[in-house]
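Now for the letters of each chain:
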Protein chains: 2
Amino acid sequence: MMNLYEVARFLEAHDNYEILTHAYPDGDTLGSGFALCMALQQKGKNARVITTNVPSKFLYLLNGVKHQVFEPDTIISADVAADGLLGSNTDAYLGKIDLCIDHHGSNTLTAKEKFVDRYASATCEIVYKLLNRMNVRITKEIADCLYTGISTDTGCFRYSNTNADTLRIAASLMELGCDTAAINKAMFETKSKEKIELERAVYDTIMYCADGKCAIIYTTLDMMKKLNIGDDEMEGLASIPRQIEGVLIGITMREKEGGFFKISVRTNGNINASDFCAKFGGGGHPAAAGCSIEGKLDDVRNKLIKAAEETL
Amino acid sequence: MMNLYEVARFLEAHDNYEILTHAYPDGDTLGSGFALCMALQQKGKNARVITTNVPSKFLYLLNGVKHQVFEPDTIISADVAADGLLGSNTDAYLGKIDLCIDHHGSNTLTAKEKFVDRYASATCEIVYKLLNRMNVRITKEIADCLYTGISTDTGCFRYSNTNADTLRIAASLMELGCDTAAINKAMFETKSKEKIELERAVYDTIMYCADGKCAIIYTTLDMMKKLNIGDDEMEGLASIPRQIEGVLIGITMREKEGGFFKISVRTNGNINASDFCAKFGGGGHPAAAGCSIEGKLDDVRNKLIKAAEETL
């Protein structure tokens, strides 16, 4: 494992960078990828970001990125925790990554060199420190990228991965011209009319069990079709049942094509979500995990109720 | 208007404090009130907070406050912007306030001395700076109070009143032992079952006008009675209509006893919420304001729709 100084020297010593992001890209992988890209370009290097797609709400992250034509020599990954997360870039890049920069303690990505800081709230927090070591001038555009990654990975400083460094870095990024109000509004304060309709429909599905300590919500393919809603809008649904006072296990069931449900489990207190999902062949983090269960709505829900009552 | 140094000298020179909070107390008035109280007690003074009530989710703010019996000599207010906000304390305290500490630029409270900093995100931000001037040791309990006020008034650092100072103060409060994860969970990630039912009912009331640029929701006394919900649970409702994509004016109508509606207006873009509410004799901030309108649901809503269509 490299230290941050060595990462800075590595980036200064090489050129012609391709920067990989993870599949289903989020604010942190895109923010750290594009920030690194602009920083390297500022240092006179060639660089581009390789991403499966950029959801429209993240398109502002590309402001300030120069389009450069070159033959790649050096492959970096930003916020990619495992080989399986390379998505459609797997065939072209697996095994060819020269340097992996990440904040997931569980990182298992195949890469020649690594810098993983599990105490960083976001990969963007690492990149901020790295750019300072490299004497990169943090422009407004770079600041917007870094703030986006930090705020999205911490739920705007709500989650317990937020530390004092996180808040101080965010303060500095504000002073560097980052448009925090616009970013926060776009990331956290905007719901499409369809999303509002979806939440309303999902509220109608809330069922409590285990004396109110477990809450289950669901979406069906029918609901999604009727509301004309895509998978993009599903983000955040899983946090609804856990938010309910007294609930220790919050379960979200999403019907998928092929006769099965994708299950997201979020827990409070000492309940282990990963153990819960392991009963159904899934896994994840202690407070957030997932699994898939085949069957009809009522049958799947009854299995989950039974498992919840056993756990609680 | 005093400066912060003079406020510190004032507090050191006097004794036997009663600290007033505003009616329908929120995290900032309670956090700044109890933080000041503990700070004055630490300085060897007598102090107590006078509040109409403390909602149960804020009871932890009282940890570390000593119960003292004394005859009051000095009356301070924390986060009280106007005489009308003294609520049930009006008769006993109006005109008797020695020092007003607040962050509302619109402050019109009757008080002998004032310190109002409109650039502070929260009154708790002012109190943090004040306690440093007074060489108060910021205990975990004081840090919990200050963080609560800052995080609740900034929507956990989302709103545009958040500045670099705000984030750095929050960083310092974390290092002073403030339990940010528990506070954020209680403030932002927990909803009572009744609140969930209320949101579900309110979603059913959404009406769009002005080509979808205005959204209006409402609650009635009947709804509140049927759901067995108190005013405590109404917090946060007002942010629902403004969140909807494309909405520039989000309006929340709450029916009150006495044949009138309390109106909360939240705006996006350049729309001035205070100007909008001034049409109905109300006022507030550029992006968040309020007023009261007498009449029946449909009549009041039609007036609001007309005003919105004129504005947009």
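What comes next concerns the included structure.

A look at the overall build of chain A
Reasoning step 1: Each helix and strand in chain A was counted, giving 12 helices and 11 strands.
Reasoning step 2: What you see for chain A is a C-alpha radius of gyration of 21 Å, in line with the 20 Å of a compact globule of 312 residues.
Reasoning step 3: Looking at chain A as a whole, 54% of its 312 residues qualify as buried.
Reasoning step 4: Excluding contacts between residues fewer than 6 apart, the proportion of contacts in chain A whose partners are at least 24 apart in sequence is 63%.
Reasoning step 5: Working note: accessible area of chain A is about 13300 Å², and carbon and sulfur atoms make up 48% of it.
Reasoning step 6: Averaging the locations of the 34 positively and 42 negatively charged side chains of chain A gives two centres separated by 1 Å.

Points about helix H1 (residues 4-13) of chain B
Residues and elements named next belong to chain B.
Reasoning step 1: Within H1 the residues assigned to the buried category are Leu 4, Val 7, Ala 8, Phe 10 and Leu 11. One side of H1 carries all its buried residues, which in axial view fall inside an arc of 160 degrees.
Reasoning step 2: Those residues of H1 that are buried are in contact with strand E1 (17-20), helix H2 (27-42), strand E3 (74-78), strand E4 (99-102), strand E5 (113-116) and helix H4 (123-133).
Reasoning step 3: Two or three places before Tyr 5, at the start of H1, stands the capping residue Asn 3, its side-chain oxygen 3.1 Å from that residue's backbone nitrogen.

Remarks on the nonpolar core
Reasoning step 1: A:Leu11, A:Leu131, A:Leu146, A:Leu173, B:Leu11, B:Leu146 and B:Leu173 are the most contacted members of the largest nonpolar core, which has 110 residues in total.
Reasoning step 2: Counting 76 residues, the second largest nonpolar core, distinct from the first, contains A:Ile217, B:Ile196, B:Ala289 and B:Cys291.

Thoughts on the pattern of salt bridges
Pairs can form between side chains of opposite charge once their charged atoms are near each other.
Reasoning step 1: This structure, assessed with the given rule, holds 28 salt bridges over all chains.
Reasoning step 2: A salt bridge links A:Glu175 to B:Arg168; the shortest N-O distance between them is 2.7 Å. Of this pair, A:Glu175 sits in helix H6 (residues 164-175) while B:Arg168 sits in helix H6 (residues 164-175), placing the two residues on different chains.
Reasoning step 3: We note a salt bridge from B:Arg200 to B:Glu197, for which the minimum N-O separation is 3.5 Å. Here B:Arg200 and its partner B:Glu197 are both found in helix H8 (residues 193-203), three residues apart, which amounts to about one turn of the helix.
Reasoning step 4: We classify B:Arg200 as partly exposed; its relative accessible area is 24%.
Reasoning step 5: Note on B:Glu197: relative accessible area 28%, which makes it partly exposed.

Let's talk about the packing of helix H2 (residues 27-42) of chain A against helix H5 (residues 140-153) of chain A
Residues and elements named next belong to chain A.
Reasoning step 1: Relative to each other, H2 and H5 sit at 155 degrees, their axes nearing to 8 Å. Here H5 runs roughly antiparallel to H2, going by the angle between their axes. Crossing hand, H2 versus H5: left-handed. Residues Gly 27, Asp 28, Gly 31, Phe 34, Ala 35, Met 38, Ala 39 and Gln 42 of H2 form the contact with H5, whose participating residues are Glu 141, Ile 142, Cys 145, Leu 146, Thr 148, Gly 149, Thr 152 and Asp 153.

Observations regarding the sheet that holds E1(B)
All names here are of chain B.
Reasoning step 1: The parallel open sheet is built from five strands, whose spatial order is E2-E1-E3-E4-E5. In this open sheet, the two edge strands, each paired with only one partner strand, are strand E2 (47-50) and E5. The average angle at which neighbouring strand axes cross in this sheet is 20 degrees, direction not considered.
Reasoning step 2: Those strands touched by H1 are E1, E3, E4 and E5, and its axis lies near 135 degrees from that of E4.

Some words on the side chain of B:Thr162
Reasoning step 1: If you trace the backbone, B:Thr162 turns up in the loop between helix H5 (140-153) and H6.
Reasoning step 2: Here the side chain of B:Thr162 touches B:Tyr159 through a polar contact of 2.8 Å, landing on its backbone oxygen.
Reasoning step 3: Not counting residues up to four positions away in its chain, the partners in contact with B:Thr162 are A:Met174, B:Thr154, B:Phe157 and B:Leu167.

Here we look at the packing of aromatic side chains
Reasoning step 1: Following the criterion strictly, the structure yields six aromatic pairs over all chains and no others.
Reasoning step 2: Between the aromatic rings of A:Tyr203 and B:Tyr203, the centroid separation amounts to 5.7 Å while the plane-to-plane angle is 10 degrees, which identifies the pairing as stacked. Taken together, the residues span two chains, with A:Tyr203 in helix H8 (residues 193-203) and B:Tyr203 in helix H8. Take A:Tyr203 and B:Tyr203: they sit in the same class, and that class is buried.
Reasoning step 3: A ring pair is formed by A:Phe276 and A:Phe280, whose centres lie 6.2 Å apart and whose planes are at 55 degrees; its orientation type is tilted.
Reasoning step 4: Feature note: the residues A:Tyr147, A:Phe157, B:Tyr147 and B:Phe157 constitute an aromatic cluster, connected by ring pairs.
Reasoning step 5: Positioned above the aromatic ring of B:Phe70, the side-chain terminus of B:Arg48 is 3.9 Å from the ring centre.
Reasoning step 6: Across the ring face of A:Tyr208, the terminal group of B:Lys193 is positioned such that the distance to the ring centre comes to 4.9 Å.

Concerning the interface of chain B and chain A
Reasoning step 1: On the chain A side, the residues contacting the 38 residues of chain B number 38 residues.
Reasoning step 2: The largest contributions to the chain B side of the interface with chain A come from B:Arg158, B:Tyr203 and B:Gln243, which together make up 21% of the buried area.
Reasoning step 3: At the boundary of chain B with chain A, the tally comes to six salt bridges.
Reasoning step 4: Across the chain B-chain A interface, the total number found is 23 residue pairs in polar contact (both at pLDDT 80 or more).
Reasoning step 5: For the side of chain B that touches chain A, the secondary structure elements donating two or more residues are H6, helix H7 (180-188), H8 and helix H10 (239-243) of chain B.
Reasoning step 6: Counting residues per element, the side of chain B that touches chain A draws most heavily on H6(B), at eight residues.
Reasoning step 7: Class assignment of the residues belonging to the side of chain B that touches chain A gives a composition of 16 nonpolar, 10 polar and 12 charged.

A look at the relation of the copies chain B and chain A
Reasoning step 1: Note on the copies: chain B fits chain A at an RMSD of 1.5 Å, the axial shift is 0.0 Å, and the rotation between them is 180 degrees. Considering both components of the superposition, the chain copies are consistent with a two-fold axis.
Reasoning step 2: An overlap of 100% is found between the interface residues of chain B and their copies at the interface of chain A, pointing to a shared contact surface.

Some points on the sheet that holds strand E7 (residues 214-219) of chain B
Residues and elements named next belong to chain B.
Reasoning step 1: Spatially, six strands are ordered E6-E7-E8-E9-E11-E10 in an open sheet, and the strand pairing comes out mixed. Two strands in the sheet have a free side with no partner beyond their single neighbour: strand E6 (207-209) and strand E10 (283-284).
Reasoning step 2: Where E7 and strand E8 (residues 249-256) come together, six bridges link them in parallel fashion. The residue of E8 that forms the bridge with Ile 216 is Ile 251.
Reasoning step 3: Each of E6, E7, E8, strand E9 (260-267) and strand E11 (288-294) is contacted by helix H12 (residues 297-311), which is oriented at about 160 degrees to E8, the strand it contacts most.

Reading guide: rules and limits
Residues numbered from 1 in each chain as written. Chains lettered and ligands numbered in written order. Predicted model: local features only at pLDDT ≥ 70, side-chain atom pairs only at ≥ 80, totals over all residues. Heavy atoms only, no water. Helix = DSSP H or I, 4+ residues; strand = E, 2+ residues; numbered from the N terminus. Rg over C-alpha atoms; globule rule 2.2 N^0.38 Å. Buried < 20%, exposed > 50% of the residue type's maximum accessible area, 1.4 Å probe, protein only. Contact = heavy atoms within 4.5 Å. Areas by Shrake-Rupley, 256 points an atom, 1.4 Å probe, with all protein chains shown as cover. Lys, Arg positive; Asp, Glu negative; His and termini not counted. Charge placed at Lys NZ, Arg CZ, Asp CG, Glu CD. Arc of directions from axis to C-beta. Polar contact = N/O pair within 3.5 Å; in protein donor to acceptor, adjacent residues only side chain to side chain. Core = buried A, V, L, I, M, F, W, Y, C linked by side-chain atoms within 4.5 Å. Salt bridge = Lys/Arg side-chain N within 4 Å of Asp/Glu carboxyl O. Axes fitted to C-alpha atoms, helices over the stretch in contact; angles between N-to-C directions. Parallel < 35°, antiparallel > 145°, perpendicular 65-115°, else oblique. Left-handed = near helix turned anticlockwise from the far one by under 90°. Pairing = 2+ DSSP bridges. Phe/Tyr/Trp six-rings, centres within 6.5 Å; stacked < 30°, edge-to-face > 60°. Lys NZ or Arg CZ within 6 Å of the ring centre and 35° of its normal. Buried area = accessible area lost by both parts, 1.4 Å probe. Nonpolar A, V, L, I, M, F, W, Y, C, P; charged D, E, K, R; others polar. Least-squares fit on C-alpha atoms with pLDDT ≥ 70 in both.

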